[in-house]
Structures are given as C-alpha cells and as structure tokens.
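Remarks on the overall topology
Single-letter residue listing:
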Number of protein chains: 2
Amino acid sequence: MENQSTEEKKGGKCGGDYKHLVLGKFTQETTQQEIDDLIKGFANLVSLVPPMISFRWGKDVSQENLNQGYTHIFESTFDSTEDIAEYLAHPAHVEYANKLLPKLEKVLVVDYKPVAVHPSAECRTEIDYYFTPVLVFSFMCEPDCLPQQLNKLQLD
Amino acid sequence: MENQSTEEKKGGKCGGDYKHLVLGKFTQETTQQEIDDLIKGFANLVSLVPPMISFRWGKDVSQENLNQGYTHIFESTFDSTEDIAEYLAHPAHVEYANKLLPKLEKVLVVDYKPVAVHPSAECRTEIDYYFTPVLVFSFMCEPDCLPQQLNKLQLD
C-alpha cells in the first residue's frame, strides 16, 4: 500500500476536532494480506458510519525504541465524543472490531481533542492564505468586472 | 489550560507530513502546575528547534478502557524522519526531555506519516475550495480586468 498524502473526506470536511487513535501490534500469524485487508476495512468505515469523518494510518518508523511494541497507528476523526460513542456502537464498527481485535497482539485506544498551547500563534490555514487574494482581486477588478457587465466594456 | 482549536505555526505551515506522537502518564507526585509547565515547555520547542513545525496536545477522554494508562497525548509534526532525528538531538529537546521523562510513569513514542487508503477520495482542502473561485473569477474577468488595463476601460 503506497504512501499518499491524502485525506478521506466526508461532506467536504477533512477532519473532525476529536481524534480517535488506535495503536496496534498484529499477531505473528497475521499475514501481510490480512493486514492490508484490515486497513482497507478500517478506512471503509468512513463510508459506513456517518459520524466518522476521516481515516488515516501509518506504520511506526521511530528510532527511540519507545513504541512499546506497537507497529501501526490508525487515526479517525469525529466532531464530538458523542459521535465517537455512536461510532463505537454502530453495527458496522462492531462487525469490523470483531475481525480486527483477534488479529492484534496489543491494542491501545485514546480519544482526545488536539489543541495548541498558544492561541495567539493561531495557524493561518489555507483558507486565510487563499481568501485574501480573492478579496484583493475583487478590489482590483472593481464591480465593473462582473460578468454581466463584460459586454459593455470598451478598450482603447 | 483551555481548549482552543488552533495550531502552532512555523513558517506559515500548519503541520508537517510526519507525526511524532508521545503518549504519557504522569507520576502521582507530579502536580497540575508541573504538568501545565511541562506542556508549555513542550510547545515552546517549536520556537527553539527549527525542524519542529507544530505542536498540539490533548487529554484522553476515551470510554473503552483501552488507553493502557496513558492520559496525555502530545503531537508534533515534521517534514521528514531526518528532521525528527535532528529534533531529538537538539540541545533544547535534550534539556526538555530531561525535565519531562522523570515526571512520567509511562511513555510511548511513535513516528509515522499518516496517509489515506483511497487516493481517489482525496480530501478537498481549503486550498481547493478557495483556489477554484479565484480561477473562475479570473476567467470571468478576462485579461482585460488586470489592474494595468483598468484605466483604459470605458463603460457604456
């Protein structure tokens, strides 16, 4: 499975505020094909479980020898802890968990809302970067550049 | 420490491709003030260590009783594993780690590059949402709307 820096989307959103993080170590008997299928199955929950907004995953590449044996990291996002609870109870998730858990030698799950420490250092998102040029361009063009008036423009 | 949904910024970027995830459980003797100071210290590494792009944190609020005792999650991002290695060796990080680790009863660290499973479901980022209107507007305005030609326009 190649690495592509993309996000699963849900309703145009790239991620919810709450992160549901699952760390796992597969059993020695689990084959690579089974691992690949389980990862695809996890990602597929985005389309089966409404409150699940996004899914991304990765393999640990750390060098500090502090991963406590966990090899795979699965990140899902949600809008709230209530949505996480709804996801956990959803039949599609229950069915998937019953396939995944027997293949894991170790599993760890945490839910949290990632926040920054310095609100004054609020990150300029792509919205900020690309909204400003739109405003500037609108100003430069004047209202006269609106399409309905284009056919009235005469150039030197 | 209040929850604010913001990101630490570095050079206009909101996050690198690689995530350095630290899970921790503080010792019973560690006071809340010490925890708050250690979190601020962790966040401050963004300004002290060039390759560290962003920092966010959260407390575990999971309900499945699978957090293996970890209570705090610290996310940092980097552009590459080489940058993570540079961060780990940086004197500011070494000094900080020597303050943090003695206060942790348990610690877990993983590094990974989160990716999606379905590249065709590539998330439309805010760049896509706001770039398209700029292009459409440019088309609607024709080249004749460029600022250097505005003074040549005559309207009916």
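Everything numeric in this text was worked out from a predicted model, so none of it was measured.

Reading guide: rules and limits
Residues numbered from 1 in each chain as written. Chains lettered and ligands numbered in written order. Predicted model: local features only at pLDDT ≥ 70, side-chain atom pairs only at ≥ 80, totals over all residues. Heavy atoms only, no water. Pairing = 2+ DSSP bridges. Helix = DSSP H or I, 4+ residues; strand = E, 2+ residues; numbered from the N terminus. Axes fitted to C-alpha atoms, helices over the stretch in contact; angles between N-to-C directions. Contact = heavy atoms within 4.5 Å. pLDDT = per-residue confidence, 0-100. Polar contact = N/O pair within 3.5 Å; in protein donor to acceptor, adjacent residues only side chain to side chain. Buried < 20%, exposed > 50% of the residue type's maximum accessible area, 1.4 Å probe, protein only. Arc of directions from axis to C-beta. Phe/Tyr/Trp six-rings, centres within 6.5 Å; stacked < 30°, edge-to-face > 60°. UniProt positions renumbered as here; feature names shortened; annotations may be inferred. Nonpolar A, V, L, I, M, F, W, Y, C, P; charged D, E, K, R; others polar.

1. Overview of the sheet that holds strand β2 (residues 54–59) of chain B
All names here are of chain B. A sheet is described by the order of its strands in space; here four strands give the open sequence β2-β3-β1-β4, paired in antiparallel fashion. The two strands at the open ends of the sheet, each matched to only one other strand, are β2 and β4 (104–112). Neighbour-to-neighbour, the strand axes of this sheet turn through a mean angle of 15 degrees, independent of strand direction. By the bridge criterion, eight bridges tie strand β1 (residues 18–26) to β4 in an arrangement that is antiparallel. Paired with K19 across the two strands is Y112, which belongs to β4. Strands β1, β2 and β3 (72–78) of the sheet are contacted by helix α1 (residues 32–48), whose axis makes an angle of about 155 degrees with β2. Of the strands in this sheet, β1, β3 and β4 are in contact with helix α2 (residues 81–89), which crosses β1 at around 40 degrees.

2. Remarks on the environment of F42(B)
In this fold, F42(B) is placed in helix α1. Those residues within four positions of F42(B) in sequence are excluded, and the remaining contacts are V22(B), M52(B), F55(B), F74(B), S76(B), Y87(B), Y96(B) and L100(B).

3. Some points on the confidence of the model for chain A
Residues and elements named next belong to chain A. Per-chain confidence: chain A averages 79 in pLDDT, with 67% of residues scoring 70 or above. A low-confidence stretch, residues 120–156 stays under pLDDT 50, and its non-local contacts, those more than four residues away or across chains, total 68 contacts. Confidence estimates for the predicted assembly give a pTM of 0.74 and an ipTM of 0.73.

4. Looking at unusual backbone geometry
If you check the backbone angles, N65(A) has positive phi at about 60 degrees while not being a glycine. Structurally, the position occupied by N65(A) is in the loop between β2 (54–59) and β3 (72–78).

5. Re the environment of S62(A)
Inspection of the secondary structure assignment puts S62(A) in the loop between β2 and β3. The spacing of S62(A) and V110(A) is 48 residues in sequence and 19 Å in space, taken between C-alpha atoms. Excluding residues within four positions of it along the chain, S62(A) makes contact with N67(A), V109(B), V110(B) and D111(B). At 2.9 Å, the side chain of S62(A) and the side chain of D60(A) are in polar contact.

6. Overview of helix α2 (residues 81–89) of chain A
Since the α-helix turns once every 3.6 residues, residues separated by three or four places project in the same direction. Residues and elements named next belong to chain A. Buried within α2 we find D83, I84, Y87 and L88. Seen end-on, α2 carries its buried residues on one side only, within an arc spanning 140 degrees. Projecting away from the buried face of α2 at angles above 90 degrees are the exposed residues E82 and A89. Residues of α2 that are buried make contact with β1 (18–26), α1 (32–48), β3, α3 (91–100) and β4 (104–112).

7. Side note on the environment of L21(B)
For L21(B), the position within the fold is in strand β1. Put simply, L21(B) and S76(B) are 55 residues apart on the chain and 6.5 Å apart in space, counted from C-alpha to C-alpha. Sequence-distant contacts of L21(B), defined by excluding residues within four places in its chain, comprise L21(A), Y112(A), I73(B), F74(B), E75(B), L108(B), V109(B), V110(B), D111(B) and Y112(B).

8. Points about the packing of aromatic side chains
All names here are of chain A. Overall, the coordinates contain 10 aromatic pairs over all chains when judged by the stated rule. Here the aromatic rings of F42 and Y96 are separated by 5.1 Å at their centres, their planes lie at 45 degrees, and the arrangement is tilted. Placement of F42 in helix α1 and of Y96 in helix α3 is noted, with a sequence separation of 54 residues between them. Each of the two residues, F42 as well as Y96, counts as buried. Clustering of aromatic rings is evident, with ring pairs tying together F42, F55, F74 and Y96.

9. Overview of the sheet that holds β1(A)
Residue and element names in this part refer to chain A. The strand order across the open sheet formed by four strands is β2-β3-β1-β4, and the pairing between neighbours is antiparallel. Of all strands in the sheet, those with a lone pairing partner are β2 and β4, marking the two edges. Here the strands of the sheet are splayed against their neighbours by 15 degrees on average, with no regard to which way each runs. Contacts from α1 reach β1, β2 and β3, with the element oriented near 155 degrees to β2.

10. Let's talk about the UniProt feature "domain: Stress-response A/B barrel" (unreviewed entry) in chain A
Look at the UniProt record and you will see "domain: Stress-response A/B barrel" (unreviewed entry) annotated at residues 18–112 of chain A. Annotated as residues 18–112 of chain A, this span is 38% helix and 33% strand, and its ends, taken at the C-alpha atoms, are 6 Å apart.

11. Details of the packing of α2(B) against helix α3 (residues 91–100) of chain B
Residue and element names in this part refer to chain B. Orientation of α2 relative to α3, taken along the N-to-C sense of each, is 65 degrees, at an axis distance of 5 Å. Residues Y87, L88 and A89 of α2 form the contact with α3, whose participating residues are P91, H93 and V94. Within the contact of α2 with α3, the residues separate by chemical class into five nonpolar, one polar and no charged.

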